[in-house]
Protein chains: 4
Amino acid sequence: MKSVSYIKSIEDWKSSFSFFTPIKIRFSETDMFGHVNNVSPFIYFEEARIEFLKSVGLFNGSEDGIPIVADLQCDYHKQMFFSDQLRLYVKVNDIGNTSFDVHYLGVNQDDAVTLTGRGRMVYVDQKSGKPVKLSESIKEKLIHASE
Amino acid sequence: MKSVSYIKSIEDWKSSFSFFTPIKIRFSETDMFGHVNNVSPFIYFEEARIEFLKSVGLFNGSEDGIPIVADLQCDYHKQMFFSDQLRLYVKVNDIGNTSFDVHYLGVNQDDAVTLTGRGRMVYVDQKSGKPVKLSESIKEKLIHASE
Amino acid sequence: MKSVSYIKSIEDWKSSFSFFTPIKIRFSETDMFGHVNNVSPFIYFEEARIEFLKSVGLFNGSEDGIPIVADLQCDYHKQMFFSDQLRLYVKVNDIGNTSFDVHYLGVNQDDAVTLTGRGRMVYVDQKSGKPVKLSESIKEKLIHASE
Amino acid sequence: MKSVSYIKSIEDWKSSFSFFTPIKIRFSETDMFGHVNNVSPFIYFEEARIEFLKSVGLFNGSEDGIPIVADLQCDYHKQMFFSDQLRLYVKVNDIGNTSFDVHYLGVNQDDAVTLTGRGRMVYVDQKSGKPVKLSESIKEKLIHASE
């Protein structure tokens, strides 16, 4: 596998995930090159990220502000196809005062890594769009999830 | 062209349109069959419908309620491809007290009909989801647009 | 429920379905009106239709030609939201020599009908785009599925 | 503007772009948070990248292999809304023997930076999925475009 900046040891990194969500690849997410379009993994990242946040008691409207992505990156390690069975692993990494990192690992039916990625999340006030400090409650849930 | 229930005479029907918007077909809107996916025309209908409503002074937040589709149908007359240049014609048809019909005609770079469609629009209150009667101002704008 | 042309008796029609697939509504399929965008049901129709065809032994590359939609229509009976749990029922209806109808019924977590729809399918030759007669094998599978 | 790894001096970087394509934000690309969904910029990146490649004489089927993305990253500097007028600038950067980098800059109607991004492109053989060396002809076109 090619090396990527946010992964030091791929084996250590892979073994640090536990949460995953199965992803249903949709026919409309393929393109005329015959494979899954490069935009689609970001749809999957969002689906898996929200499932993960829900699993730790977030993304239920109880938080101050709305969680939005500050940046997002994806490495495409292997082409994906309509018939693929994708498991998308998610973990939280590096929790700061106003933001936290989410890491992503996509694995197909042969346990081959198809996608890796990461992205910073922040909470913003929906009206003003201004960042909101992470509450202690949010931090605790994220820290608990990363233990 | 195959016959469709909402078109009596195709020539008369075609000549009844004047407003159109050019549609940029996106690569991600194709699928692994090599053509434009069957979901994509509904993206184009929405884009053209909103451009049309804006052109007659609607869809600017000034109306009571939000315009939503009550039903939508599309006939695919000819496959579309990534390189196609699509013009999507829109007109309003049959304005009632609480709803109106929008008709759609898609034509490619060779003036061949690729898509026809129609769908009923209603205004609903965003909070309750309940239908709102069309105001005289909205009706006037739609009637004016259909003259 | 409002009446639609392809449903005579809603109770009879509903009870004629047996196959369904659960649909995962994605966050990116909502829109700024706060609900599921009107384009998204056609993504769901496609997902459910393909699952249905696979369940009867089709859509596996063994057929002559590729199955494409000739027309598609959707009635929106109830707004859908991100948190909804959608079951999408599919059945085949009216099998002809070169085409067949697929009917769709979407039901939410409260057993309320949110979507109904239908659309004609044809098989076309992928290169020429010309319609291909339904083989006896395809017909048999569809007829078997509709019994 | 927050700092990002692929930009040393934002002013120098901004002034190094010349090609851009206007992007039509679609209603279906917004989400229930009221803004443009985080997936949508990758649709825009692809649209602008293909327009750019076409403008330099590529992406016309004449090349050996198909251009695919090896990685992609996006920094969201400012929320975008349905009414925004987006210009997406594209340039090629760092042309290697088998791959090249594409940089992206999104600017709204107020000349505010909303998006920055980058991603590596490779050509692969469509059947085998294996990387193909960049031909001299492709390299020349890319080098010419970056002068």
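Just so you know, these numbers come straight off a predicted model, no measurement behind them.

### Some words on the overall build of chain A
For step 1, the next point in the chain: Helices and strands together make up the secondary structure of chain A, namely three helices and seven strands.
For step 2, the next point in the chain: Listing the helices and strands of chain A from first to last along the sequence gives α-β-α-β-β-β-β-β-β-α.
For step 3, the next point in the chain: For a compact globule of 147 residues, the expected C-alpha radius of gyration is about 15 Å, and chain A comes in at 16 Å, within 12% of that figure.
For step 4, the next point in the chain: If you line up chain A on its principal axes, its C-alpha atoms span 45 × 35 × 25 Å.
For step 5, the next point in the chain: Across chain A, the fraction of contacts at a sequence separation of at least 24, relative to all contacts at a separation of at least 6, is 68%.

### Some details on the relation of the copies chain D and chain A
For step 1, the next point in the chain: Mapping chain D onto chain A is achieved by rotating through 180° and translating by 0.0 Å along the same axis, at an RMSD of 0.0 Å. What we have between these two chains is a two-fold relation. By C-alpha distance to the rotation axis, the residue of chain D lying nearest is D:Gln73, at 2.0 Å.
For step 2, the next point in the chain: Both copies present the same face, since 100% of the interface residues in chain D are matched by interface residues at the equivalent positions in chain A.

### Digging into the interface of chain C and chain B
For step 1, the next point in the chain: Taken together, the contacts link 18 residues of chain C with 18 residues of chain B.
For step 2, the next point in the chain: Looking at which element gives the most residues to the side of chain C that touches chain B, the answer is strand β3 (residues 71-76) of chain C, with six residues.
For step 3, the next point in the chain: For the side of chain C that touches chain B, a count of residues per class yields 10 nonpolar, five polar and three charged.
For step 4, the next point in the chain: Bridging between strand β3 (residues 71-76) of chain B and β3(C) involves five bridges; their strand directions are antiparallel. Residue B:Asp71 lies in a different strand from β3(C), and its bridge partner there is C:Asp75.

### Notes on the relation of the copies chain C and chain B
For step 1, the next point in the chain: When chain C is fitted to chain B, the best match, at an RMSD of 0.0 Å, comes from turning it 180° and sliding it 0.0 Å along the axis.
For step 2, the next point in the chain: Of the interface residues in chain C, 100% have counterparts in chain B that sit at the interface too, so the contact is made through matching surfaces.

### Structural notes on the environment of D:Ser99
All names here are of chain D.
For step 1, the next point in the chain: Note that Ser-99 resides in strand β5 (residues 99-107).
For step 2, the next point in the chain: For Ser-99, a count of 17 C-beta atoms within 10 Å gives the class partly exposed.
For step 3, the next point in the chain: In this view, Ser-99 contacts Ala-70, Arg-120, Met-121 and Val-122; residues no more than four positions away in its chain are not counted.

### Concerning the interface of chain D and chain A
For step 1, the next point in the chain: Listed per partner, the contact involves 18 residues of chain D and 18 residues of chain A.
For step 2, the next point in the chain: When the residues that make up the side of chain D that touches chain A are grouped by side-chain class, the tally is 10 nonpolar, five polar and three charged.

### Describing unusual backbone geometry
Residues and elements named next belong to chain A.
For step 1, the next point in the chain: Its identity is not glycine, yet Asp-111 carries a phi of approximately 60°, on the positive side.
For step 2, the next point in the chain: Here Asp-111 shows up in the loop between β5 (99-107) and β6 (113-124).
For step 3, the next point in the chain: C-beta crowding within 10 Å serves as the criterion here: with 7 such atoms nearby, Asp-111 is assigned to the exposed category.

### Thoughts on the pairing of strand β4 (residues 86-95) of chain B
Residues and elements named next belong to chain B.
For step 1, the next point in the chain: Here four bridges tie strand β1 (residues 20-23) to β4, and the two strands are oriented antiparallel to one another. Each bridged residue has a counterpart across the sheet, and for Phe-20 the counterpart in β4 is Tyr-89.
For step 2, the next point in the chain: Pairing between β4 and strand β5 (residues 99-107): eight bridges, direction antiparallel. Among the inter-strand pairings, Val-90 is bridged to a residue of β5, identified as Tyr-104.
For step 3, the next point in the chain: Counted between consecutive antiparallel strands, the loop separating β4 from β5 contains three residues.

### With respect to helix α2 (residues 40-55) of chain D
All names here are of chain D.
For step 1, the next point in the chain: Under the 1.5 Å per step criterion, the end-to-end length of α2 is 23 Å for 16 residues, consistent within 8% with the ideal 22 Å.
For step 2, the next point in the chain: For α2, the buried fraction is high: 12 of the 16 residues fall into the buried class.
For step 3, the next point in the chain: Regarding α2, the residues found buried are Ser-40, Pro-41, Phe-42, Ile-43, Tyr-44, Phe-45, Glu-46, Glu-47, Ala-48, Arg-49, Phe-52 and Leu-53.
For step 4, the next point in the chain: In the stretch just after α2, Gly-57 is the one whose phi turns positive, near 90°.

Rules and cut-offs
- One numbering rule holds for all chains: residues counted from 1, following each sequence as written.
- Lettering of chains starts at A and numbering of ligands starts at 1, both following the order in which they are written.
- A pLDDT threshold of at least 70 governs which residues receive local features in this predicted model, and a stricter bar of 80 or more applies before side-chain atom pairs are shown or counted, although totals over entire chains, interfaces and linings include all residues.
- Segments assigned H or I by DSSP are reported as helices when at least four residues long, segments assigned E as strands when at least two residues long, and all are numbered from the N terminus.
- Between the two quantities, the radius of gyration covers C-alpha atoms and the globule rule is 2.2 Å times the number of residues to the power 0.38.
- For every residue pair, C-beta atoms are placed from the backbone, and the pair is scored as a contact if these atoms sit within 7 Å.
- The copies were overlaid by least squares, fitting only the C-alpha atoms of residues that reach a pLDDT of 70 or more in each copy.
- Polar here means any residue outside two lists: the nonpolar Ala, Val, Leu, Ile, Met, Phe, Trp, Tyr, Cys and Pro, and the charged Asp, Glu, Lys and Arg; Gly therefore counts as polar.
- For two strands to pair, DSSP has to find at least two bridges joining them.
- With C-beta atoms placed from the backbone, a residue is buried if 20 or more other C-beta atoms are within 10 Å of its own, exposed if 12 or fewer are, and partly exposed between those counts.
- Expected helix span is computed as 1.5 Å times (number of residues minus one).

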